[in-house]
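# Tertiary structure, described
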Amino acid sequence: VLLLAGAALAAPSVDLALGARALTRRDEAFSPRTYVAPAPSARLGASVPGDRWSHRLSLDLAMGSARSGPAWSFTVDGERRDTPPSSLVEVSLREATLHAVPGPLPLQLGLGPALDVSTATFAFGRGGVFTYFGTIGLDAAARLEVPLPGPHRLDVQLGAPLAAWVARSPYALNDDRYIDTIAAGGGVGAVFGLLGRGRVESWGTRQAVRAGAAWTWSRRVVSPTASVDLALERQLAPWGGVLVRRAAGVSVGARFGGSAT
Amino acid sequence: MRPVLSALALAFAGCAPEPTALEVFDAAWGAFDARYGPFDQRDIDWDAARATWRPTLAPAAGDDTLWDTLTGMLAELDDGHVQLYAPGRAHWYANAVYRERIGDERFDEDRLRAAYLDGGGEDLHDDTVLAGRIRGAEYVWLRVIGGGALELEAARQRAERRGAGLIVDLRHDGGGDFTWARAALSAWTDRDVPVFRSRTRSGPVRGTFDAWTDWAIPGEGAPVQVPVAVLTDRFTISAGERATLMLRELPGVTLIGEPTNGSIATMIGQELPNRWYVTLPVQEVEGPRGEVWEGLGVPPDLEVLDDLATPEVDEVLEAALALVGG
């Protein structure tokens, strides 16, 4: 989710926000069903305005327990067990460099690198299977500042990927290369090993869009903020399996620095 | 707050209609058709299985009939990695040995602790490992293959310091992550030792696999200087069998007991449209010389079966002690 701060601020600012999201994931590599997770979320952002160009940086985290329906129980050697929840984790890091578009609207357009990593550990009975989806690419971004009375500001933003390196769990999830990558517990190197196994994709196989709106009560030092955001993504694997991610969230926080215009 | 979020999340996800029994059957058959690895190695005619079982199921059949049909079809695989979970039912194995616990009583942990291990042994690594001494020999039982496999090297060092033999018990080993065994056994050789090769389903068309991957124990240590006995039974499964395949390639190692289960390939889980779960292996695995043990089990060098007529004696362990000098 893009951080909504920008060129209208006269000085750099930092944003902190906490909130909640509804995450959903359907990955046909594991199930035809949609998994849903209510997830706490956190956002850290920074904004550096400029005369011609402004820069925004944001880091978003969300994680929660997911199910595709109500829990049920089964027995193992006569002992009753409940189906454990699956887990969803989503991390995104993105930068946008924006430029004001001449015209009657306070509109900015820009580009920037984006890194998104999401994992789903799907639980089944006594076991579980780890899946991942990571993208590193170039996003297009748009930001519109809607005028409000007094010190209030409303920013609306849209974003979408142009092209990205896309790494997704292999067809059979636990193939030899995957096993070798995470051998004996894996580690930090395993993350890069998994992300390194992918291909370049654009809108032909991966469609995604992000939208958000943020209200700010601009104060001199600390400005309260509140925002809503929505993200939709669909990716088609070479073998025909679809992965669908959706997220909708609300958050409240504070902006430090900057100044009202 | 959390219930509200959950309700919102569910509303966001939308609702799907409940599938019919026939739709679930087709999804289950299709999941195996698309991802099951060892059809050929187990000589399975999956189309024939569908032709046999699908007509027995009415589209609107209830869960009991669906369960009977699915378990009937999956039992044809007799595969320890094939399991079925459904609400209110006992976890089900397609493999007859595991499902009916055939020969389960031949391995007796209580007897092992009471009659053999000095002081009953020591439980390690969250009780996944039992280690100790038996008549002077070092003994390690791996219940599963995980981080506890690293105890193998510790036991080897103790054995070598005392000039004693070493017994690695893999009976009833329930599997896990074989790369832990590979990491542990890298200390047992100074040269790379090829141990098996595997290939994984890479597409939904039956018979589609990626290239073979040759697995070897990296030679990062020194050969073991004491005799090693490895014990296996029909409940040694999955990563336990891969560990067996590794150990059998090392010099000075003797396999004793029964053949392993024969369910070697790595497995995954799949959720069916009605939220039942199935598990299935997605690979073919061969020995380093092209041997196929899937469905057969890794054979021991010395076949010994525990005699139920002498419940106080563990004949397999006795054979190992005789070999390593206990």
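Everything below is about the structure printed above this text.
Residues numbered from 1 in each chain as written. Chains lettered and ligands numbered in written order. Predicted model: local features only at pLDDT ≥ 70, side-chain atom pairs only at ≥ 80, totals over all residues. Heavy atoms only, no water.

All names here are of chain B. Together, D40, D43, D45 and E76 make up a region of like negative charge exposed at the surface. Its location among the elements puts D40 in the loop between α2 (21-35) and α3 (46-53). Residue D40 is classed as exposed on the basis of its relative accessible area of 64%. (Patch = residues over 30% accessible without salt bridge, like charges linked within 9 Å, V, L, I, M, F, W, Y side chains within 5 Å. Areas by Shrake-Rupley, 256 points an atom, 1.4 Å probe, with all protein chains shown as cover. Salt bridge = Lys/Arg side-chain N within 4 Å of Asp/Glu carboxyl O. Lys, Arg positive; Asp, Glu negative; His and termini not counted. Charge placed at Lys NZ, Arg CZ, Asp CG, Glu CD. Helix = DSSP H or I, 4+ residues; strand = E, 2+ residues; numbered from the N terminus. Buried < 20%, exposed > 50% of the residue type's maximum accessible area, 1.4 Å probe, protein only.)

Residues and elements named next belong to chain B. Taken in spatial order, the four strands line up as β2-β1-β12-β11 in an open sheet, and their pairing is antiparallel. The open sheet terminates on both sides in strands that have one partner only, identified here as β2 (92-93) and β11 (267-271). Sheet topology places β11 next to strand β12 (residues 277-281); five bridges connect them, and they run antiparallel. In the strand pairing of β12, M267 is matched with P281. Of the strands in this sheet, β11 and β12 are in contact with α2, which crosses β12 at around 20°. (Pairing = 2+ DSSP bridges. Contact = heavy atoms within 4.5 Å. Axes fitted to C-alpha atoms, helices over the stretch in contact; angles between N-to-C directions.)

With that out of the way, let us pick up the nonpolar core. Residues and elements named next belong to chain B. By size, the foremost hydrophobic cluster in this structure holds 54 residues, and its most contacted members are F32, W46, L70, L74 and L77. With eight residues, α2 is the single largest residue contributor to this core. With sequence-adjacent residues up to four places away left out, W46 is seen in contact with W29, F32, D33, F39, M73, L74, L77 and R206. Core analysis: the second largest hydrophobic core is formed by 46 residues, A131, F178, L250 and W293 among them. (Core = buried A, V, L, I, M, F, W, Y, C linked by side-chain atoms within 4.5 Å.)

What follows concerns the side chain of A:S223. Residues and elements named next belong to chain A. With respect to the element layout, S223 can be found in strand β12 (residues 222-236). For S223, a relative accessible area of 3% gives the class buried. Of note is the side chain of S223, whose polar atom sits 2.8 Å from the backbone nitrogen of R219. Contacts of S223, omitting those with residues within four sequence positions, involve T216, W217, S218, G253, A254 and R255. (Polar contact = N/O pair within 3.5 Å; in protein donor to acceptor, adjacent residues only side chain to side chain.)

All names here are of chain B. With respect to burial, β12 is a largely interior element, five of its five residues being buried. Residues of β12 alternate between two faces, with Y277, T279 and P281 on one and V278 and L280 on the opposite face, all of them buried. Note: strand β1 (residues 83-85) against β12, three bridges, orientation antiparallel. In the strand pairing of β12, L84 is matched with V278.

All names here are of chain B. Mapped onto the elements, E151 comes out in helix α7 (residues 151-162). Looking at E151, the relative accessible area reads 16%, which means it is buried. Separated by 20 residues in sequence, E151 and A131 have C-alpha atoms that sit 8.4 Å apart. Apart from residues lying up to four places away in sequence, E151 is in contact with L124, H125, V129 and V140.

Residues and elements named next belong to chain B. For the coordinates displayed, the defined rule picks out 21 aromatic pairs over all chains. Ring geometry for F178 and W215: centres 5.0 Å apart, planes at 85°, overall edge-to-face. One end of the pair, F178, is in helix α8 (residues 178-185); the other, W215, is in strand β8 (residues 213-217), with 37 residues separating them in the sequence. Given a relative accessible area of 3%, W215 falls into the buried group. Linked through ring pairs, W29, F32, Y36, F39 and W46 together constitute an aromatic cluster. Taking NZ or CZ as reference, R50 lies 5.2 Å from the ring centre of W29, over its face. Against the face of F209 rests R199, its NZ or CZ located 4.4 Å from the ring centre. (Phe/Tyr/Trp six-rings, centres within 6.5 Å; stacked < 30°, edge-to-face > 60°. Lys NZ or Arg CZ within 6 Å of the ring centre and 35° of its normal.)

Okay, the packing of α8(B) against helix α9 (residues 239-247) of chain B next. All names here are of chain B. Relative to each other, α8 and α9 sit at 25°, their axes nearing to 8 Å. The orientation of α8 relative to α9 falls into the category roughly parallel. Both α8 and α9 take part in a crossing whose hand is right-handed. Contact with α8, carried on its side by F178, A181, R182 and L185, involves A239, R242, A243, M246 and L247 of α9 and no other residues of that element. (Parallel < 35°, antiparallel > 145°, perpendicular 65-115°, else oblique. Left-handed = near helix turned anticlockwise from the far one by under 90°.)

All names here are of chain A. Within the secondary structure, S118 is located in strand β7 (residues 107-124). Look at S118 and you get buried, because its relative accessible area is 0%. Polar contacts involving the side chain of S118 include one to the side chain of R25, which spans 2.9 Å. Apart from residues lying up to four places away in sequence, S118 is in contact with R25, V89, E90, T131, Y132, F133 and R245.

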